[in-house]
Amino acid sequence: MEWRTGKLPLSGNPTTGGKSRQLVANPASSRAPDPYVTAPLTKLQAENQILVQQLRECAHWDLDGHVQNAEGMEGDARAALVALSHVLQDYRHTAHDLPLSSLQLMRVARSLARLQALLPNLRSLVCQASEDLVLYVCFTPTMRNARFAVWSGLLYGLVSLNADLGNHFPPKLLAAADLAVEHLSESPQQWVFSPGLGAKSISQLFWALAKLGYEGGQLGALVDALEKLMLENGSSTESPLAGANAQDLSSLCWSLARLVPEGARCARVWAKCLVDLERFMSANSGVHLKPQDIANSVWAFATAVAQGMTPPAGSHLFLSAAAAAVAKGALLHGSQQEWSNLLWGFGKLKATTQATEGFLAAGRIATRRFLPLHTKQALANSMWALASLGDTNATGLALEAMDEMRQSIAHLSAQDISNLCWAFGTLAPKERLDEAAYATHVLPMLHAVADRVADGGLKGALSQNWANICWCFATLAVYIPKAFYGSTAGLAAGIARDPLSWAPVDFSCMLWACAHMGHDPKDPHLKELWIKGARLYTDFSPDAWQPHLVSHDGQDLGILSLAWAVLFSSPGTRSSETDATARVIFDTAASLGVSKLSEASLTALAQAHIEACDIGLPGGGVPAGPVQTAMLELWAQRKQCFTCSEFQQRLDCE
């Protein structure tokens, strides 16, 4: 292809007077003529068609074997961009005279995205042209009847361009997205695709909306329209996702997961995507797939399930195929973020059955390989995932990660510290470590965490973060007072700011750790937290616990009772308030019934029951009934000393 310049003036260019250097389309160009041009063109339309062709050729010059002419190409692109901005600015408000068709606008958007990557020196001109293009789309009716593929290409190009610039989207780009969503959700006849191109158009449109963080009111209607198409044609060759490749499918999954909460409603779309991705991964162990496609699809599926989506039937096959592909090297060249997303997805789904030793070994190798370079969030997520999946062979890796955490403690977020602490407590409990490992890795890491907690450096920490930190200290059997004082104060302050920001498991986890390590019961925040946890049973009825508090079960009751027995039943800490609160715990346990109390809960309640009888708590411990009988029988079996009746007579709690 030969590049040459001419002097064709563009209408409405007030600065050039028809004398500026402009690029003229070469008649010998190898590109095919525009198939959408069927009627004779006016002079203005012809000039604009040439301009669009110029931009497209400039944007694809690296594909045409003319890399050596980069300097000349930059000049041609500069001239075309200046001319484009003038055209768009001059005709922005002219509804009766449309200089660019919807198809041309889409091609311009995609060309701008490529030019931004190819010619960074033209960034300012590309940005100006993209802003002019967005304004033109918003204020003229050109795109009102555009087909789905055209809207998809337009938004994909504009969002890709601005994503490369750091996600600084023009203010009117969301308005353009509103037009697209409104038009396509109300005009299902526009959902017509060329054979084999439907999946790409759909994935690119939803990717653009997800990247924008779109939350418009019509998004639900757009999702419903897609689901309706899947219902009508999902199993036929006319399915909108027929012929989709792995990249299209994984991109669509990622987008649906980001479009909260509407994305989780696409049950049929998810089912189709996961079935086809499982097929791609099973073929040749996924060696032809990009690591990003595997990682994104697993991350997206886990995110959608966390948002409330019911996993489609057969989704376990998708996870098994992904794990098998990873074990055989499909992610060998994956980035640290891709590995982190993959492992996090498996951990979030608790896919322990699918996470084979080969999969876990590959995850350990990758995490260790990236350890010196790991972004801290990726490291925290990877370690958390390995712990969630029960990887008993990751103790050595955990010790290495402790050193990395200690050195980077000042740069870690509260969530990162929480995730790492929980992972270390799970992967490297004290019984697995020798004294040297304990002194070299564990103690220095925990002292660094304690310093950060004591300095008030965990701003924005959630209740779960504080609980995980204390739980880690208790599991690793290290008591550093300032870590516990700082954590109880942080949790109490967070609850005061937002009374609904906590969950019962956070109370029970924190209280267990404090009781296990013998934390000072005179810590004013500790008593406050224990009373708040116990009063969940008086402030809310059992029917309200689940929707209001996420979860509340017998395990929490057992820990609350045990915390009372260890921390608040002695003369120096006992009060009428603690006695009354303990009474609520025991009465509630009896009312729950044996079926809702685990063996661990019954054991904890038995210990607290004994303490209540010893100190003469008004009303005794757990009231007589099935729960008390089961609790004492279990305790008697463990102690192997008395029958239940003999034990009851000795306690004399009636």
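In the block above lies the structure referred to throughout.
Residues numbered from 1 in each chain as written. Predicted model: local features only at pLDDT ≥ 70, side-chain atom pairs only at ≥ 80, totals over all residues. Heavy atoms only, no water.

Along its length, the chain carries 29 helices and two strands. Each of the 654 residues in the chain was classed as buried or not, and the buried ones make up 55%. Contacts spanning at least 24 positions in sequence make up 76% of the contacts within the chain whose residues lie at least 6 apart. For the chain, the computed accessible surface area is about 28,100 Å², with 53% contributed by carbon and sulfur atoms. (Helix = DSSP H or I, 4+ residues; strand = E, 2+ residues; numbered from the N terminus. Buried < 20%, exposed > 50% of the residue type's maximum accessible area, 1.4 Å probe, protein only. Contact = heavy atoms within 4.5 Å. Areas by Shrake-Rupley, 256 points an atom, 1.4 Å probe, with all protein chains shown as cover.)

With that settled, consider the packing of aromatic side chains. The tally for this structure, following the rule as stated, stands at eleven aromatic pairs. Centroid distance Tyr-156 to Trp-207: 5.2 Å. Interplanar angle 55°. Geometry classified as tilted. With Tyr-156 in helix H5 (residues 148-164) and Trp-207 in helix H7 (residues 198-212), this pair connects stretches of sequence that are 51 residues apart. With a centroid separation of 4.4 Å and 35° between ring planes, the pair formed by Phe-346 and Phe-359 is classed as tilted. Here Phe-346, found in helix H13 (residues 336-348), pairs with Phe-359, found in helix H14 (residues 357-370); they are 13 residues apart in sequence, far enough to count as distant. As far as the burial class goes, Phe-346 and Phe-359 line up, both buried. In this structure an aromatic cluster arises from ring pairing among Trp-270, Phe-301 and Phe-318. The lysine or arginine in question, Arg-369, covers the ring of Phe-370, its NZ or CZ lying 4.4 Å from the ring centre. (Phe/Tyr/Trp six-rings, centres within 6.5 Å; stacked < 30°, edge-to-face > 60°. Lys NZ or Arg CZ within 6 Å of the ring centre and 35° of its normal.)

On to the environment of Gly-619, then. Checked against the element boundaries, Gly-619 lands in the loop between helix H27 (599-615) and helix H28 (626-639). According to the relative accessible area criterion, Gly-619 is exposed, its value standing at 65%. Along the primary structure Gly-619 and Asp-587 are separated by 32 residues, whereas in three dimensions their C-alpha atoms are 9.7 Å apart.

The next point concerns helix H21 (residues 504-517). An α-helical turn contains 3.6 residues, so a residue and the one three or four places further along point in the same direction. In this model, H21 (14 residues) spans 20 Å end to end at C-alpha, consistent with the 20 Å of a helix rising 1.5 Å per residue. Within the span of H21, buried status applies to Pro-504, Asp-506, Phe-507, Ser-508, Cys-509, Met-510, Leu-511, Ala-513, Cys-514, Ala-515 and Met-517. (Expected span 1.5 Å × (residues − 1).)

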